[in-house]
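A look at the structure
Spelled out, the chains give:
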Amino acid sequence: QVQLVESGGGLVQPGGSLRLSCVASGRIFSINDMGWYRQAPGKQRELVASITRAGGPNYTDSVKGRFTISRDNAKNTVYLQMNSLKPEDTAVYYCNSWIRSSLGDYGMNYWGKGTLVTVSS
């Protein structure tokens, strides 16, 4: 069984910063791309940022220059540093990753349960 557990969400004022973490645990052989999605009330879930195993990042336009995604492969962890936060960044943030549990395993797409980020004065 594989689990993704996010942490680091909370309430922050506009212009503030938060750092999200997501740890993958369980039977893990390899982890491919890791990503952060978010879902605001009444809206569809959207990709915020993703990162390849080699560390190549990808961002949605609305967060470029403000958010930074990184990962520690030794710790099976992905991070999202969020700076200059805006009220429109308010959402539940979900961790996502394709994980193989063994050499012969094709793998599965896993999701965390999410962490709430609220940007408000």
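Residues numbered from 1 in each chain as written. Predicted model: local features only at pLDDT ≥ 70, side-chain atom pairs only at ≥ 80, totals over all residues. Heavy atoms only, no water.

Observations concerning the pattern of salt bridges
Where charged atoms from two side chains of opposite charge come close, those side chains can pair. Considering all chains together, one arrives at 4 salt bridges under this definition. Note that Asp 89 is salt-bridged to Arg 38, the shortest N-O span being 3.0 Å. Here Asp 89, found in the loop between β8 (77–82) and β9 (91–100), pairs with Arg 38, found in strand β4 (residues 30–39); they are 51 residues apart in sequence, far enough to count as distant. Judged by its relative accessible area of 6%, Arg 38 falls in the buried class. With its nearest N and O atoms 3.0 Å apart, the salt bridge here joins Lys 64 to Asp 61. The partly exposed category is assigned to Lys 64, whose relative accessible area is 49%. A residue is classified by how much of its surface remains accessible, and Asp 61, at 60% relative accessible area, is exposed. (Salt bridge = Lys/Arg side-chain N within 4 Å of Asp/Glu carboxyl O. Helix = DSSP H or I, 4+ residues; strand = E, 2+ residues; numbered from the N terminus. Buried < 20%, exposed > 50% of the residue type's maximum accessible area, 1.4 Å probe, protein only.)

Some words on the packing of aromatic side chains
Taken as a whole, this structure holds 2 aromatic pairs when the rule is applied. Consider the rings of Tyr 37 and Trp 111, whose centres lie 4.9 Å apart with planes at 65 degrees: the pair is edge-to-face. With Tyr 37 in strand β4 and Trp 111 in strand β10 (residues 108–111), this pair connects stretches of sequence that are 74 residues apart. For Tyr 37, a relative accessible area of 22% gives the class partly exposed. Where Trp 98 meets Tyr 106, the ring centres are 5.6 Å apart and the plane angle is 85 degrees; that geometry is what we call edge-to-face. (Phe/Tyr/Trp six-rings, centres within 6.5 Å; stacked < 30°, edge-to-face > 60°.)

Let's talk about the state of the cysteines
In total, this model carries 1 disulfide according to the counting rule given. One disulfide bridge connects Cys 22 with Cys 95, the sulfur atoms lying 2.1 Å from each other. Because the torsion about its S-S bond is -85 degrees, the bridge between Cys 22 and Cys 95 counts as left-handed. A residue pair is termed long-range when its members are at least 10 positions apart, and Cys 22 in strand β3 (residues 18–26) and Cys 95 in strand β9 qualify at 73 residues. Overall, the relative accessible area of 0% leaves Cys 22 in the buried class. Residue classification places Cys 95 among the buried positions, given a relative accessible area of 0%. (Disulfide = S-S within 2.5 Å.)

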